[in-house]
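So you can see what is in the structure, the chains are spelled out below.
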Amino acid sequence: MIDLTLRSSLFGVLLMYSLTVVTVNGNGAKIVGGQKAEEHIPYQVSLQHWTKSSKTGQLAWVPICGGAIISKKSVLTVVHCLHKHEPANLSVVVGTNDLRNNGSKGTRHMVSRTLIHSDFLSTQKSEIGIAYVVEDFTFGPNVTAITYSDNQVGAGVECTLSGWGYTTSQRIGPEPQDLQKVTLKTISNAKCRDLWPEVHPKQICTYTKVGKGACMGDSGGPLVCGGELVGLVDYGAQVCAFGLPDVYTRVSKFKAWIDLNKKSAVC
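Overview of the structure. On a predicted model such as this, the values are computed, not experimentally measured, just so you know.

This brings us to the environment of glycine 213. Turning to its location among the elements, glycine 213 is positioned in the loop between strand E10 (203-206) and strand E11 (222-225). Assessed through its relative accessible area of 0%, glycine 213 is described here as buried. Taking the C-alpha atoms as reference, glycine 213 lies 9.1 Å from serine 169; in sequence the two are 44 residues apart. Contacts of glycine 213, omitting those with residues within four sequence positions, involve Ile31, Val32, Leu184, Ala241 and Asp246.

Here is the structure:
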């Protein structure tokens, strides 16, 4: 995922195990450790930034993050996918699993404005934001909103993460053009804090095994459990899926805020 944070206390461990992780993922595993999503995931979006492409040196729409459609007007994602970018330079591609040819198999929607949770600016503990599109999404089989609730998901629940992030632990090679998905299992926040001490109640963690997890480019992407949006990719280890949990914004903690703002920015 983008802007992944490596904690200095784990730097030595990360160096020790990085070669092992590359071996684990040497079979071309996806997302990391997942597979190509054959079915449409209609709530999934690719959040893109109009900037100079590192591949061509030309201005282009560059995928930076994921997100989830929550209304005909809005997409839910995390703050670090939004706060450094002017809304006029952002767009979302919906309705396709394939980003080839500038996402032409889907529909591009320009972003009109963004909203960052006000608590993030003061506490850094509300990593959630909304991107509003200029023209409403047209809902159908390939484009629709996902449900969410204030239900608290505990440990040991199988969930699905989807995104276009890197598919190798050390982020080598190109990002995939086809949407990837992986099944992950939630762990308790107490267990997660053994490795990420700063994890708080507004977050949820997953860990399944070495070689499975989120990576750069997956930030803001949807973690879905039982058909509901439960998490948004926030951060993890700089060497992806190498043995540390992935940390997500816990959507249930923000239901009232989302309900209030998903159609238009209120606060």
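In terms of burial, strand E7 (residues 129-133) is a largely internal element, five of the five residues being buried. Of the two faces of E7, the one holding Gly129, Ala131 and Val133 and the one holding Ile130 and Tyr132 are both buried throughout. Of the pairings in the sheet, the one linking strand E4 (residues 74-77) to E7 comprises four bridges and is antiparallel in character. Bridged to leucine 76 within E7 is isoleucine 130. Here strand E6 (residues 107-116) pairs with E7 via five bridges, running antiparallel.

Moving on, we come to the environment of isoleucine 70. Residue position: isoleucine 70 is located in the loop between strand E3 (59-69) and E4. We classify isoleucine 70 as buried; its relative accessible area is 4%. Among all residues touching isoleucine 70, those that are not within four sequence positions of it are Val75, Leu76, Ile130, Ala145, Tyr148, Ile258 and Lys262.

Here we come to the pattern of salt bridges. It is possible for side chains of opposite charge to pair when their charged atoms get near one another. Tallied over the entire structure, the rule returns seven salt bridges. Here arginine 100 makes a salt bridge to aspartate 98, at a shortest N to O gap of 3.0 Å. A relative accessible area of 10% places aspartate 98 in the buried class.

Counting across every chain of the model gives two aromatic pairs. Summarising the aromatic geometry, the rings of tryptophan 196 and tyrosine 235 are spaced 5.6 Å apart at their centres and angled 90° between planes, so their arrangement reads as edge-to-face. Of this pair, tryptophan 196 sits in the loop between helix H4 (189-193) and E10 while tyrosine 235 sits in strand E12 (residues 228-235), and the two are 39 residues apart along the sequence. Tyrosine 235 matches tryptophan 196 in its accessibility class, with the two residues each being buried. It is lysine 72 that lies over the ring of phenylalanine 139; its NZ or CZ is 5.7 Å from the centre. Against the face of tyrosine 132 rests arginine 113, its NZ or CZ located 4.4 Å from the ring centre.

Quantified by volume, the largest pocket comes out at close to 690 Å³. Lining the largest pocket are 28 residues, and of these Lys55, Trp61, Val62, Pro63 and Glu175 sit closest to its centre. Mapped onto the lining of the largest pocket, the elements with two or more residues apiece are strand E2 (44-52), E3 and helix H2 (100-103).

Thresholds applied
- Residues numbered from 1 in each chain as written.
- Predicted model: local features only at pLDDT ≥ 70, side-chain atom pairs only at ≥ 80, totals over all residues.
- Heavy atoms only, no water.
- Helix = DSSP H or I, 4+ residues; strand = E, 2+ residues; numbered from the N terminus.
- Buried < 20%, exposed > 50% of the residue type's maximum accessible area, 1.4 Å probe, protein only.
- Contact = heavy atoms within 4.5 Å.
- Pairing = 2+ DSSP bridges.
- Salt bridge = Lys/Arg side-chain N within 4 Å of Asp/Glu carboxyl O.
- Phe/Tyr/Trp six-rings, centres within 6.5 Å; stacked < 30°, edge-to-face > 60°.
- Lys NZ or Arg CZ within 6 Å of the ring centre and 35° of its normal.
- 1 Å grid on protein atoms, 1.4 Å probe; cavity = no way out; pocket = protein on both sides within 12 Å on 5 of 7 lines; lining within 4 Å.
- Points joined across faces, edges and corners; volume = space filled by probe spheres on them.

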